[in-house]
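Commentary on secondary and tertiary structure
Listed here are the chains, written in short residue letters.
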Amino acid sequence: MSEVAIHAEGLTKWFGEGEARTVAVRNVQLDVLKGEVTYIIGPSGSGKTTLLSMMSGILRPNEGKVVLNGVDLWRLAEDRIADMRLNTIGFVFQDYHLFPRLTTAENVAVPLILRRQPWKSAIAEAKRCLEIVGLGNRVELRPNKLSGGEQQRVAIARAIASAPDILILDEPTASLDGDTGRKIIEFVRKDVLSAERCILIVTHDERIFSYADRIVKMADGAIVGVDKGEFRA
Ligand SMILES: Nc1ncnc2c1ncn2[C@@H]1O[C@H](COP(=O)(O)OP(=O)(O)OP(=O)(O)O)[C@@H](O)[C@H]1O
Ligand SMILES: [Mg+2]
């Protein structure tokens, strides 16, 4: 049996109060296993990003708990939650979240520098990761000089640079052409995934469905099915 990287139990999140209340995620139970690529799919608004945010220490749930590498995440103090995020999780946001005043290489180096890696070696590592995503010739540019797909790839390079135990990608290939998208997911499967690590991907992109070990389907805030992915078939 594979070990559990993230355990979610009774996870619930709502926004607004009274008449205006929207329940974004309702009573989700999920185990994300080490050594696996888990996909979360479902219609727009079904709660995928909200669920990822709660499982990765970004958004506090209203109910339920998240056990991350054996630690009850939301019972930790805020600064310990921030440490967990920095040291165990790489997150690629749907809308990239790049720092506009930093170059691409500096953007990718940020998590390494926060982890006290010396500047020079952090930048060198950042450049290596930018090569991997095909942006070796863009290291000195700022995000506003990049296309949407290029910004997405910078965000992916930043997440893989810190070699996280848990890599979370929210629609990582949405702005990429089919070939680039496949190459990046292939790289992630081959070089980021290991028995000790896991990868969690939200996607609508059928071109990359074949790389999943497990596919979790969401609808209206709840998990409505879990399928074995083609990769393990
Ligand atoms: N900060 C917020 N305030 C109010 N409502 C929110 C907030 N964040 C999400 N919601 C609502 O929660 C529901 C789930 O949103 P979420 O972003 O998790 O969906 P999603 O499955 O990621 O959709 P998409 O595929 O479009 O990214 C939606 O109805 C959304 O409007
Ligand atoms: Mg989303």
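Below is a short write-up of the structure.

The rules we used
- Residues numbered from 1 in each chain as written.
- Chains lettered and ligands numbered in written order.
- Predicted model: local features only at pLDDT ≥ 70, side-chain atom pairs only at ≥ 80, totals over all residues.
- Heavy atoms only, no water.
- Donors = N, O, S within 2.8 Å, 3.2 Å for Na, K, Ca; no water.
- Helix = DSSP H or I, 4+ residues; strand = E, 2+ residues; numbered from the N terminus.
- Buried < 20%, exposed > 50% of the residue type's maximum accessible area, 1.4 Å probe, protein only.
- Core = buried A, V, L, I, M, F, W, Y, C linked by side-chain atoms within 4.5 Å.
- Contact = heavy atoms within 4.5 Å.
- Salt bridge = Lys/Arg side-chain N within 4 Å of Asp/Glu carboxyl O.
- Axes fitted to C-alpha atoms, helices over the stretch in contact; angles between N-to-C directions.
- Parallel < 35°, antiparallel > 145°, perpendicular 65-115°, else oblique.
- Left-handed = near helix turned anticlockwise from the far one by under 90°.
- Near = heavy atom within 4 Å.
- Polar contact = N/O pair within 3.5 Å; in protein donor to acceptor, adjacent residues only side chain to side chain.
- Nonpolar A, V, L, I, M, F, W, Y, C, P; charged D, E, K, R; others polar.

1. Quick notes on the coordination of the magnesium ion (ligand 2)
For the magnesium ion (ligand 2), the full set of protein donor atoms is Thr49 (OG1) and Gln94 (OE1), and the range of their distances to it is 2.0 to 2.5 Å. Taken together, the residues Thr49 in helix 1 (residues 48–55) and Gln94 in the loop between strand 6 (89–92) and helix 3 (104–114) connect sequence positions 45 residues apart. A relative accessible area of 33% places Thr49 in the partly exposed class.

2. Here we look at the nonpolar core
If you look at the biggest cluster of nonpolar residues, it comprises 41 residues, and the most contacted ones within it are Tyr39, Val108, Leu130, Leu167 and Ile199. Elements supplying a minimum of two residues to this core: strand 3 (37–41), helix 3, helix 4 (119–132), helix 5 (148–161), strand 7 (166–170), helix 6 (178–192) and strand 8 (198–202). The dominant element in this core, judged by the number of residues it contributes, is helix 5, at seven residues. The residues contacting Leu167, other than those within four sequence positions of it, are Gly90, Ala159, Ile160, Val188, Val192, Cys198, Ile199 and Leu200. Core analysis: the next-biggest nonpolar cluster, separate from the first, contains 29 residues, Leu51, Met84, Leu200 and Met218 among them.

3. Some details on the pattern of salt bridges
Oppositely charged side chains can pair when the atoms bearing their charge come close. In this structure the tally under the stated criterion is 12 salt bridges. One salt bridge connects Arg207 with Asp205, and the closest N-O pair in it is separated by 2.9 Å. For Asp205, a relative accessible area of 12% gives the class buried.

4. Re the environment of Ile168
Locating Ile168 in the fold gives a position in strand 7. Remark: the alpha-carbon pair of Ile168 and Asn144, spanning 24 residues in sequence, is separated by 24 Å.

5. Regarding the packing of helix 3 against helix 5
Running from amino to carboxyl end, helix 3 crosses helix 5 at an angle of 30°, the nearest separation of the two axes being 8 Å. Comparing the axis directions of helix 3 and helix 5 gives the class roughly parallel. In this structure, helix 3 crosses over helix 5, and the sense of that crossing is right-handed. Here helix 3 contributes Thr104, Asn107, Val108, Pro111 and Leu112 to the contact with helix 5, which in turn contributes Val154, Ala157, Arg158 and Ala161.

6. Topic: the site of ligand 1
Among the 13 residues in the neighbourhood of ligand 1, the closest are listed as Ser44, Gly45, Lys48, Thr49 and Thr50. The backbone of Ser46 places a nitrogen or oxygen atom 3.2 Å from an oxygen atom of ligand 1. Gly47 places a main-chain nitrogen or oxygen 3.0 Å from an oxygen atom of ligand 1. Counting residues per element, the ones that place at least two in the shell around ligand 1 are strand 2 (22–33) and helix 1. Ranked by residue count, the leading element in the shell around ligand 1 is helix 1, at three residues. In the shell around ligand 1, the residues fall into three nonpolar, nine polar and one charged.

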